[in-house]
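Residues per chain are reported as follows:
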Amino acid sequence: MTGASQSALDTGVFMLNKLAEKLDEVDARYRELTHLLEQPEVATDYAKVQELAKERASLERLVSLFRDYRKTEQEIKDTGSLLDGEEEEIAALARQEVAALEQRRDQLVHDIRLGLLPPDPNDEKSIIMEIRAGAGGEEAGLFAADLYRMYTRYATECGWHVEIMDRNATGIGAFKEIVFEIRGKGAYSRLKHESGVHRVQRVPATETSGRIHTSTATVAVLPEADEVEVSIKSDDLRIDIFHAGGHGGQNVQKVATAVRIVHIPSGITAVCQDERSQLKNKTKAMAVLRARILDAEQRKQQEQLTERRRSQVGTGDRAEKVRTYNFPQDRVTDHRVEASFHNLPGILEGKIEPIIEALVSWEQAEQLESAMA
């Protein structure tokens with residue numbers, strides 16, 4: 001075990017000891033709920049039983065882990081007392097057992113720390129992802145297309161379904177903008193940290209002098225919103241129907257099928273023209289609109305909660321540079337975790353799991369630090 005790893009574990013044990021009083025309260029509440037559920041007068045009240053059972057279930061895993069931690073700590077102390085025995089054989093066995101118990105305790109500390117983190121209610125949802133070319137002209141559009149391919153390849157490896165909602169492409173395989181759905185359980189939990197400004201440094205294919213260009217693309221990740229989560233009145237919507245291929249009504253098709261929906265109170269707009277059916281385009285556009293409205297409401301709530309949260313990437317600040325893709329050095333650097341990853345071609349083919357794992361750990365550390373403050 002490295003010094004850094006041991007230090008992290010020691011810090012985890014220290015933090016857990018600081019939270020012992022709170023965990024004792026959680027344990028006491030769990031025992032109280034168990035007692036209440038055994039009372040005859042409660043058993044006849046179905047709504048009350050449901051309420052209490054739900055609360056107890058939410059505490060069960062954390063209580064079990066904490067009790068196991070307490071038991072393991074006591075076993076370490078009891079077994080440690082044998083280390084001072086006169087018989088070397090017994091002391092040697094005791095050392096082995098203490099080492100195994102300490103390893104188990106460290107794992108319990110890790111699991112308890114994660115158990116204390118508040119769950120993100122959106123984690124299990126599918127997502128709508130929006131990628132837009134930023135600074136850099138056509139090269140930025142090509143980079144946007146690279147990012148689209150990277151995320152769709154990753155989604156395919158995860159067994160998720162990808163469907164394009166809207167796109168604005170150029171003739172050289174670039175995107176000014178592309179909006180697409182990634183449908184699959186847990187998609188938001190794995191990809192929510194991708195929001196932000198992505199920067200690429202490379203020599204464009206059209207560059208004859210070999211100069212390195214810097215271009216950007218923005219990525220937005222929105223949890224897909226259910227109708228019950230976002231209340232949208234039909235009177236608040238303006239729905240425009242036009243011919244696909246151009247917002248000016250170009251006659252690309254004989255029948256107008258493209259749909260633009262504007263939420264008048266907020267000014268939020270969603271467009272879909274990828275399907276040949278007007279109904280399908282309208283359904284897709286409404287899904288995008290709901291997701292954008294939900295995202296706007298959640299970001300507004302986050303900004304109202306605390307100024308500190310506004311400075312963190314979880315607020316969805318689109319203006320912050322989150323990652324750089326450096327082709328000459330075959331390196332991808334994520335500026336939040338301050339770590340670099342190599343094999344850039346493989347990463348652009350969807351091999352982004354190491355980056356995602358690093359970001360998940362980073363988020364957990366940020367939340368733990370916030371909880372301890």
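What counts, and where the lines are drawn
Residues numbered from 1 in each chain as written. Predicted model: local features only at pLDDT ≥ 70, side-chain atom pairs only at ≥ 80, totals over all residues. Heavy atoms only, no water. Helix = DSSP H or I, 4+ residues; strand = E, 2+ residues; numbered from the N terminus. Polar contact = N/O pair within 3.5 Å; in protein donor to acceptor, adjacent residues only side chain to side chain. Contact = heavy atoms within 4.5 Å. Expected span 1.5 Å × (residues − 1). Bend = angle between axes of the 7 residues up to and from the residue. Buried < 20%, exposed > 50% of the residue type's maximum accessible area, 1.4 Å probe, protein only. Core = buried A, V, L, I, M, F, W, Y, C linked by side-chain atoms within 4.5 Å.

1. Observations concerning the side chain of His263
Phase 1: Tracing the backbone shows His263 in strand β7 (residues 258–263).
Phase 2: In this structure the side chain of His263 is engaged in a polar contact, spanning 2.6 Å, whose partner is the side chain of Ser266.
Phase 3: Those residues in contact with His263 that lie beyond four places of it in its chain are Ile232, Asp236, Leu237, Ile268, Leu289 and Ile293.

2. What to know about helix α4 (residues 46–80)
Because an α-helix packs 3.6 residues into every turn, residues spaced three or four apart end up facing the same way.
Phase 1: With 35 residues, α4 should reach 51 Å at 1.5 Å per residue; the first-to-last C-alpha distance of 49 Å fits that figure.
Phase 2: The principal kink in α4, of about 40°, is found at Glu60.
Phase 3: Regarding α4, the residues found buried are Leu52, Leu59, Leu62, Val63, Leu65, Phe66, Tyr69, Thr72, Ile76 and Thr79.

3. Here we look at the side chain of Asn122
Phase 1: Tracing the chain through its elements places Asn122 in the loop between α5 (88–115) and β1 (127–133).
Phase 2: By relative accessible area, which is 6% here, Asn122 ends up buried.
Phase 3: Dropping the residues within four chain positions of it, Asn122 is found in contact with Tyr188, Pro223 and Gln298.

4. As for the nonpolar core
Phase 1: Counting residues in each nonpolar core, the largest one holds 37 residues, and the members touching the most others are Met129, Ile131, Leu147, Tyr151, Phe180, Leu191 and Tyr325.
Phase 2: Going through the elements one at a time, β1, α6 (138–157), β3 (175–183), α7 (187–191), β5 (213–223), α10 (344–348) and α11 (353–372) are the ones with two or more residues in this core.
Phase 3: In terms of residue count, the dominant contributor to this core is α6 (nine residues).
Phase 4: Residues within four places of Tyr325 in sequence aside, it is in contact with Phe143, Leu147, Met150, His198, Arg199, Val200, Gln201, Arg331, Val332, Leu344 and Leu348.
Phase 5: Core analysis: the next-biggest nonpolar cluster, separate from the first, contains 21 residues, Ile128, Val230, Leu289 and Ala291 among them.

The quantities given are spatial measurements derived from coordinates; they are silent on function.
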